[in-house]
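A structural walkthrough
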Amino acid sequence: DRVIEKQEKVRQGVRDQDAAKRALERALAELEKVIADQKKALNESKKAQLAPEKANAKGLEKEQKDLNDRTWQLGNELFHEKALPQETREKALKPLAEASNAQDAARQGLEEGAFDLAKGDQERALKDLEKARDALQKAKDDGAQARPGQEAKARQEQADLEKQAKGLSDKMKEAAKANE
């Protein structure tokens, strides 16, 4: 029974590592999209600041609100992602929360037609989004570096467990023959 429990523990460890890797990859992919869209929104705000009479403030505001919603959603998903270590989540969530706050301030600036203020908030949001991306990328890179060693350890543990199981099986066969 102990052998089976150990085998299951090793398998669960490998599954947890895979789940964390997939979660990081998903979060990074979504964050890259948000960063690209935030850059576009910032460029649009710069254009609006130069020519406010031509600016579509409502459209810019809606775009910024959508970005804020996506950032909040990503933060919420990371918060609830149990496959990731708490420390990794916290390192990414802090800048995501700050980015969300900056995005909301930018939305308010766009709503009021204060394009210069909105632009500053969008720049701050972009920096915070990039900090979150860097934190997630570092966690992914650290996991990739640790992964080969962990996989080798898991394979060795699995081989040791198989030897133990074979040894127990052989002893049971000998005992059965002795009882005949």
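First things first, this report covers the structure right here in the doc. Every chain begins its residue count from 1, and numbering advances along the sequence as written. In keeping with the predicted nature of the model, local features appear solely for residues at pLDDT of at least 70, side-chain atom pairs appear and are counted solely at 80 or more, and the whole-chain, interface and lining totals rest on all residues. Processing note: side-chain calculations cover all non-hydrogen atoms of the structure and skip hydrogens and water entirely.

**Considering the side chain of Asn 68**
Among the structural elements, Asn 68 can be located in helix 2 (residues 57-80). On the basis of relative accessible area, Asn 68 is assigned to the buried category, the value being 11%. Those residues in contact with Asn 68, other than ones at most four positions away along the chain, are Ser 100, Gln 103 and Asp 104. Note on conventions: DSSP H or I runs of at least 4 residues are helices, E runs of at least 2 residues are strands, and numbering of each starts at the N terminus. Each residue's exposure class comes from its accessible area (1.4 Å probe, protein chains only) as a fraction of the maximum for that residue type: buried when under 20%, exposed when over 50%, partly exposed otherwise. Throughout, a residue-residue contact means that at least one pair of heavy atoms, one from each residue, lies within 4.5 Å.

**Quick notes on helix 2**
For helix 2, spanning 24 residues, the distance from its first C-alpha to its last is 35 Å, which sits close to the expected 34 Å at 1.5 Å a residue. For helix 2, the full list of buried residues reads Leu 60, Glu 61, Gln 64, Leu 67, Asn 68, Thr 71, Leu 74, Gly 75 and Leu 78. Given the number of residues in a helix, its expected span is that number minus one, multiplied by 1.5 Å.

**Digging into the packing of helix 1 (residues 2-50) against helix 3 (residues 86-112)**
Relative to each other, helix 1 and helix 3 sit at 25 degrees, their axes nearing to 13 Å. As far as their axial angle goes, helix 3 and helix 1 are roughly parallel. Classified by chirality, the crossing of helix 3 by helix 1 is left-handed. Contacts between helix 1 and helix 3 involve Leu 24, Leu 31, Val 34, Gln 38 and Ser 45 from the first element and Thr 88, Leu 96, Gln 103 and Leu 110 from the second. Looking at side-chain class alone, the contact of helix 1 with helix 3 contains five nonpolar, four polar and no charged residues. Inter-axis angles, ranging from 0 to 180 degrees, are taken between N-to-C directions of lines fitted to C-alpha atoms, where helices are fitted over the stretch in contact. Oblique is the label for any angle not covered by the other classes, which are roughly parallel (under 35 degrees), roughly antiparallel (over 145) and roughly perpendicular (65 to 115). Take the far helix as the reference: if the near one is turned anticlockwise from it by less than a right angle, the crossing is left-handed, and if turned clockwise, right-handed. Following the grouping adopted for this structure description, the nonpolar residues are Ala, Val, Leu, Ile, Met, Phe, Trp, Tyr, Cys and Pro, the charged ones are Asp, Glu, Lys and Arg, and the polar ones are all others, Gly among them.

**As for the pattern of salt bridges**
The working definition used for a salt bridge is a side-chain nitrogen of Lys or Arg within 4 Å of a carboxyl oxygen of Asp or Glu. One pass over the structure, following the stated rule, counts 19 salt bridges. Arg 107 is the salt-bridge partner of Glu 61, the closest N and O atoms lying 3.9 Å from each other. You can see Glu 61 sitting in helix 2 and its partner Arg 107 sitting in helix 3, a full 46 residues away along the chain. Of the two residues, Glu 61 and Arg 107, both sit in the buried class. Across the pair Lys 94 and Glu 98 runs a salt bridge, and its minimum N-O distance is 2.7 Å. Of this pair, Lys 94 and Glu 98 are both found in helix 3, four residues apart, which corresponds to roughly one turn of the helix.

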